[in-house]
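Observations on chain architecture
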4 protein chains.
Amino acid sequence: MTTIKDSVHDYIELEPTAEALLDTEPMQRLRYVRQLSTVQFVYPSANHTRFEHSLGVYHLASEAVDRLSIDDDLAHRLRAAALVHDVGHGPFGHQTEAAIERHLGRHHDEIGWLLEETELGDVLEEYGLDPDAVAATVDGRGPLGELVAGTLDVDRMDYLVRDAHHTGVPYGTIDHARLLYALEIVDGELALADGNVATAESALIARTLMNATVYRHHVSRIAGSMLDRASERLLSDGVVDPERFARLTDSELLATLEEYEPTAGFADRIRNRDLYKRAVWARREEVPEECRGLEYDRTRNLEREIAEIADVDSEHVVLDSPGEPSSPESRARIVVDGEPRRLEDRSSLVSGLDACAREIWRLGVYAPEDALEPVREAAATVLEIED
Amino acid sequence: MTTIKDSVHDYIELEPTAEALLDTEPMQRLRYVRQLSTVQFVYPSANHTRFEHSLGVYHLASEAVDRLSIDDDLAHRLRAAALVHDVGHGPFGHQTEAAIERHLGRHHDEIGWLLEETELGDVLEEYGLDPDAVAATVDGRGPLGELVAGTLDVDRMDYLVRDAHHTGVPYGTIDHARLLYALEIVDGELALADGNVATAESALIARTLMNATVYRHHVSRIAGSMLDRASERLLSDGVVDPERFARLTDSELLATLEEYEPTAGFADRIRNRDLYKRAVWARREEVPEECRGLEYDRTRNLEREIAEIADVDSEHVVLDSPGEPSSPESRARIVVDGEPRRLEDRSSLVSGLDACAREIWRLGVYAPEDALEPVREAAATVLEIED
Amino acid sequence: MTTIKDSVHDYIELEPTAEALLDTEPMQRLRYVRQLSTVQFVYPSANHTRFEHSLGVYHLASEAVDRLSIDDDLAHRLRAAALVHDVGHGPFGHQTEAAIERHLGRHHDEIGWLLEETELGDVLEEYGLDPDAVAATVDGRGPLGELVAGTLDVDRMDYLVRDAHHTGVPYGTIDHARLLYALEIVDGELALADGNVATAESALIARTLMNATVYRHHVSRIAGSMLDRASERLLSDGVVDPERFARLTDSELLATLEEYEPTAGFADRIRNRDLYKRAVWARREEVPEECRGLEYDRTRNLEREIAEIADVDSEHVVLDSPGEPSSPESRARIVVDGEPRRLEDRSSLVSGLDACAREIWRLGVYAPEDALEPVREAAATVLEIED
Amino acid sequence: MTTIKDSVHDYIELEPTAEALLDTEPMQRLRYVRQLSTVQFVYPSANHTRFEHSLGVYHLASEAVDRLSIDDDLAHRLRAAALVHDVGHGPFGHQTEAAIERHLGRHHDEIGWLLEETELGDVLEEYGLDPDAVAATVDGRGPLGELVAGTLDVDRMDYLVRDAHHTGVPYGTIDHARLLYALEIVDGELALADGNVATAESALIARTLMNATVYRHHVSRIAGSMLDRASERLLSDGVVDPERFARLTDSELLATLEEYEPTAGFADRIRNRDLYKRAVWARREEVPEECRGLEYDRTRNLEREIAEIADVDSEHVVLDSPGEPSSPESRARIVVDGEPRRLEDRSSLVSGLDACAREIWRLGVYAPEDALEPVREAAATVLEIED
């Protein structure tokens, strides 16, 4: 077995399949995609990549299948799926996800096409794995697919701890070893063993606090919204083919944006952290329900409307209205008195955490510093934001 | 300045007053009182002492007074109070607290008598400090006494992080530096600066999760209840004077219990972790309201009644019914839109965490392994525990 | 499998034999023997015990035997030996080792008598282990006994990392996982695989730096020398039987010293860290060869001679002249170009580290603060110390 | 004061000058230059950047000037120099250093031109600092310039600890706080206070061990040598202007190499970690003296000669012969008995560590996997390498 040293899990042992998968271009590309995309503009040490995260998820999957005594073939598939689970991510990960979905109609968890079009599929077959089954697992489907993408998946166990290590924000430091120890298979599905309500809650809490301080930090959101705006332009104008877009690295996207005049300004501002500022930053209760989680076309129309009223260039208004928060972890199964239950049915914390998530929700309207005042006023009018 | 190396805060700088205080017997005694008393029977690496914790609290108090630009005299007093804040703890800290209160009528935060009777008071005076003012501060009274004992005190900031470091349970690892940075004085009282609801919640969450996994672990509670029972006997029988009792170290208490025949068995069982087991471990809703948070006399009577029905020695029944959980942190002040508010009024999490605390509440009845069955039945009858 | 949470290795899995061994009195006693005895007087957070260290050594032994694919029976024995390897330590570990050897003629690694006289031997037999074979393994003899006590043993791998974690001094933080990965059996003996000279050196470096900053710190040595002096008196005067002495806990020894008038002063000074100071602290080259590593009787005679000349009580002079430093790690076997070699034959660092060890060697003469001057002068004369 | 959270030093406080400097393009560019360039191909979590490292160095400089009570003006300059000390680094830092020096005649520590040509100089002046004085400080010249670039500089204190944190290799974890505490100014120059020989040695040891396991790892060296080769071609062929080259980011260099046909192959191999392998990896004593630390022209000639004999494309031979190792830390000043001395004159370890450095020295000849055998043979002949 080859071993790789990781700053989070120390030594990670790689089976031959894993080594071969790592040597493919789609996996190597993940060295150039930051795990937390624009969060580095807030937490400058958050430069870890989806490559090292993938190794971590592989490691936890290996530990899990050993503990759960899963049969060799399924274990082999689960480990491989864990390793490649992020190859579908575009540049800057979640920050270009929406643009890619609009133009490709594909979520990053749907990686069947990548397995087909790249050497990844060949390598899987060479090592006796069915690419379709692996792709299904990455998408959370098929036997124990939930171990890779589900309410108790090893993806989350790795990223919380890794993001904490690299941002320096301790809230993500969950007891991932305990989560692994507590995993059981009940009626063919994953569940946490009896006595682990607090264990399950801790993961949900960790994500809630990391959302509040890291993942949803306004600086990261502003940079992300600017990226989305610029990416959309690139794709709509046909400058880059969507499939190629989806396989760019972070830097390649920035370079591509810089080379196209209509998006060069955004790219330059993002690269140099010369970001738009918040003209509006409104709480959930201040925003009319129809303005929460806006469709893209509607967003663009509103931006134009605001720009017109404010009398600024329409590129100078970026509207960012996220959907309602969700917490898949609250549906995690947990054994209580011998019966598997949903966490949300057994924990008094879940509703509090849901409320928390709603509390940190914000609608943002971003603009260059010198346009803040008119944009603020126009946006308040257009979006009917209450004071 | 002298510096001391600490495993949690790295180097701690000591002013001359602190050095002189550390050289007194009451402070040196804290080297022999474990911070987490009986928790080491569950988490074997939890052997840190109230001595190192006191240094940590002193360190955080020093940082806080610097940041808050508190005037020299008050800062001097606050630092001294932080350093000596735990001298009033008896052997095994909280586990003998109730027994000491019953016999001395004094809580561990009331240290006036100690300052008077030991060299501590003299040292304080020698360095220009008023022992009464220091004692008041330790008790949370007087100007900014809440920094040492209050809803945002440095005591909690240290112990959560330190207990996490030594148990290996990560939940206590709060961002204490951020709490310190966020401290402000508003209308003469401490508050967290605007934008810190999540910071405040994180401390409350940390304690809730540490309660569930560490502080209220049943093995620690059983050992603690056995200690309380044996200590009471020692004091009631007049074997040790209460004032002397309160100043024993952990080991001295065990030795004293071992030398007195009626308590020797308890001591031996505790020392060798040959503890009673749980005959009853009932949730809040299974226990009649009048059986929650029982007075000591009532507890003893119920124990005797249970023993009689179960036909076992009355020493073989230990009833442990804690009071209702409380969360002082939920009353922490936090600035929101320029106004200081109570955390509980601004956070949707507080009620969830309160519910959590109620959920992990348990009434325990403990007995030797061979008496579990009869004690369980008798206790169910006597305490009217529902199934 | 039962698991225990450890602050250094996270979860440790215990086989039934280990659980049964832990439940014995000799193992539970280790909860009350600090791993670093008097080091806590310098590094106040160094309160970890030989109990948690024993769990750590058991854990590393388990990992090692798995990796080395050692057969079940031998693996079982090695794990058990790793767990009990420290039961032979007296109170304050190494600090009373010399006194115990003088009076019992036994080193702490010889635990045959303990296995015979306590329940430990019975438990071993009950689980199919031969106590004599286990005792031999603890002493580094028999098949792979060197894994428990040798130049590449798991004892050292645990204590360096654990002592670093608890003192806060980072030098001990070796890459113990790499050491484990590199272990091989060559001709029936342990060796590090090819390419691991730096790995082996790092362990030697770590111990050298920990010696300089932690293990040989003068404050710890003074407390230790005072303990040795007092312990000798206790044993010579027949106050405690040597076998009982060897099984006291740290606190029990202090209490015993306090109860015997001739040693009460020492005990009180140690407990309250009111230690003697250095009247002499001489480098190796300043000390005549015959004064290095003195026999006990000779030490006592010199102390009396110094006291007489200085005109102070002979209890007020403590002479501490350690033997020549040794570094077993330098004889560790390491594969180079396919052949096992001694580290010292392959590493240019070993001689430098040996020189380092000689450089930090010191002869100390300790005395109460008010007797320092006369003792210094008298000692210089008696010991012929050069300036 | 603004604060930034760092994964190594926790909160870092920024004065206004620092904030303004951070907002310049040359500083923001460091977000896109990995601190350990090609080491990520060995340690996949080593993705930290020169941006976060610069913040760390600024932080340590701030602490140092506070402790040393340096006057405000000089302190201001030292902090600014610490922050910008790495702006002169080209893409992939040290890996393109030689190519840049060949074409620009400038070392990365010479940043005067950058201060002049970019907004950095203006910002310095705006905040009352003399750009020339700052540039001199970055180069280790002028009053206390050695704090930024010298034998006891804060650059090294940060990078050792940071590289350890991100690679997971513990050897770099020095006690940087102790180094800071020990700093003194003696006769206008930095020195470590009395009693710190081990402190000084520990930093030297840390770098030696990090060299062996991290910085000089062969995989990183191969990638670096390939980069140097390709960069030279780019510059020699005039594809990129040297000044522009020196200011590319890592990704921009890769992209530029990919776009130029003669270097595209190298770029592709580097990006996808499809690196050349070692045809030769010779120890110091196997290599004739004249082949150690070769000039560039000589290197190129030898490569061509080897390629010709081996009958392979000359692009398929990369020769990598580093110069003799040096250890500036060994000349660090340290106070011994009141007198400042050089560490190398007081430490028995220094010569051992120098020997270590010579032992890990290797000459490498790298080639594609299918050309290894002929290249090995040809290189052995041409370079007269002994077996």
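Note that this is a predicted model, so its numbers are computed, not measured.

Reading guide: rules and limits
Residues numbered from 1 in each chain as written. Chains lettered and ligands numbered in written order. Predicted model: local features only at pLDDT ≥ 70, side-chain atom pairs only at ≥ 80, totals over all residues. Helix = DSSP H or I, 4+ residues; strand = E, 2+ residues; numbered from the N terminus. Rg over C-alpha atoms; globule rule 2.2 N^0.38 Å. Buried ≥ 20, exposed ≤ 12 C-beta atoms within 10 Å, placed from the backbone. Least-squares fit on C-alpha atoms with pLDDT ≥ 70 in both. Contact = placed C-beta atoms within 7 Å. Core = buried A, V, L, I, M, F, W, Y, C linked by C-beta atoms within 7 Å. Domains from an automatic or database assignment. Nonpolar A, V, L, I, M, F, W, Y, C, P; charged D, E, K, R; others polar. Pairing = 2+ DSSP bridges. Axes fitted to C-alpha atoms, helices over the stretch in contact; angles between N-to-C directions. pLDDT = per-residue confidence, 0-100.

Before going further, it helps to spend a moment on the overall build of chain A. Counting its secondary structure elements, chain A contains 19 helices and 9 strands. Here the C-alpha radius of gyration of chain A, 22 Å, is about what a compact globule of 387 residues would show, namely 21 Å. Considered along the principal axes of its C-alpha atoms, chain A spans approximately 65 × 50 × 35 Å. In chain A, which comprises 387 residues, the share counted as buried stands at 56%.

So, on to the relation of the copies chain C and chain A. For the pair chain C and chain A, the best superposition has an RMSD of 0.0 Å and corresponds to a rotation of 180° with a translation of 0.0 Å parallel to the axis. Expressed as a symmetry operation, the mapping of one chain copy onto the other fits a two-fold axis. Among all C-alpha atoms of chain C, that of histidine 9 of chain C lies closest to the rotation axis, at 5.9 Å. Of the residues that chain C buries at the interface, 100% are likewise interface residues in chain A, meaning the two copies contact each other through the same surface.

This part takes up the nonpolar core. Grouped together as the largest cluster of nonpolar side chains are 248 residues, with contacts concentrated most on Ala61 and Val84 of chain C together with Ala61 and Val84 of chain D. With 245 residues, the next largest nonpolar core counts Ala206 of chain A together with Leu55, Val123 and Leu147 of chain B among its residues.

The next subject is the domain arrangement of chain A. Residue and element names in this part refer to chain A. Domain annotation of chain A identifies domain 1 (2–216) and domain 2 (218–324 + 360–383). Spacing between the C-alpha centres of domain 1 and domain 2 amounts to 29 Å. At the junction of the two partners, domain 1 supplies 23 residues and domain 2 supplies 24 residues. Put simply, the parts of the chain that give the side of domain 1 that touches domain 2 at least two residues each are helix 5 (97–104) and helix 11 (197–215). Considering each element in turn, the side of domain 1 that touches domain 2 owes the most residues, 6 residues, to helix 5. Class assignment of the residues belonging to the side of domain 1 that touches domain 2 gives a composition of 12 nonpolar, 7 polar and 4 charged.

Between chain C and chain A, the contact holds 5 residues from the first and 5 residues from the second. Of all the elements in the fold, those that place two or more residues in the side of chain C that touches chain A are strand 2 (10–14) and helix 10 (176–182) of chain C. Grouping the constituent residues of the side of chain C that touches chain A by class yields 3 nonpolar, 1 polar and 1 charged.

With respect to the secondary-structure elements, valine 318 of chain B resides in strand 6 (residues 318–320). In this structure valine 318 of chain B comes out as buried when scored by C-beta crowding, with 26 C-beta atoms within 10 Å.

Turning to the interface of chain C and chain B, a few remarks are in order. With 29 residues of chain C at the interface, the matching set in chain B holds 29 residues. Going through the elements one at a time, strand 1 (2–6), helix 2 (25–29), helix 3 (50–67), helix 9 (154–167) and helix 14 (250–259) of chain C are the ones with two or more residues in the side of chain C that touches chain B. Counted by class, the side of chain C that touches chain B contains 8 nonpolar, 13 polar and 8 charged residues.

Residues and elements named next belong to chain D. The strand order across the open sheet formed by 3 strands is 5-9-6, and the pairing between neighbours is antiparallel. Unpaired on one side and paired on the other, strand 5 (277–283) and strand 6 (318–320) mark the two borders of the sheet. Mean inter-strand twist for the sheet, computed between neighbouring axes without regard to direction, equals 15°. Pairing between strand 5 and strand 9 (residues 362–367): 6 bridges, direction antiparallel. The residue bridging tryptophan 281 from the neighbouring strand is glycine 364, located in strand 9.

Attention shifts here to the sheet that holds strand 5 (residues 277–283) of chain B. All names here are of chain B. Spatially, 5-9-6 is the arrangement adopted by the 3 strands of the open sheet, whose pairing is antiparallel. Each edge of the open sheet carries a strand with a single partner, namely strand 5 and strand 6. In this sheet, adjacent strand axes meet at a mean angle of 15° when their direction is disregarded.

Before going further, it helps to spend a moment on the relation of the copies chain C and chain B. Two chain copies here: they are related by a rotation about an axis and a translation along the same axis. Once turned by 180° and shifted 0.0 Å along the axis, chain C lies on chain B with an RMSD of 0.0 Å. With an isologous cut-off of 70% or more, the 100% of interface residues of chain C that recur at the interface of chain B puts this contact in the isologous class.

Here we take up unusual backbone geometry. All names here are of chain B. Within the chain, leucine 144 stands out as a residue other than glycine whose phi angle is a positive 55°. Considering the arrangement of structural elements, one finds leucine 144 in the loop between helix 8 (131–138) and helix 9 (154–167). Residue class for leucine 144 comes out buried when judged on the 23 C-beta atoms lying within 10 Å of it.

Overall, the predicted model of chain A reaches an average pLDDT of 95, with 100% of residues at or above 70. The ipTM value of the predicted complex is 0.95, and its pTM value is 0.95.

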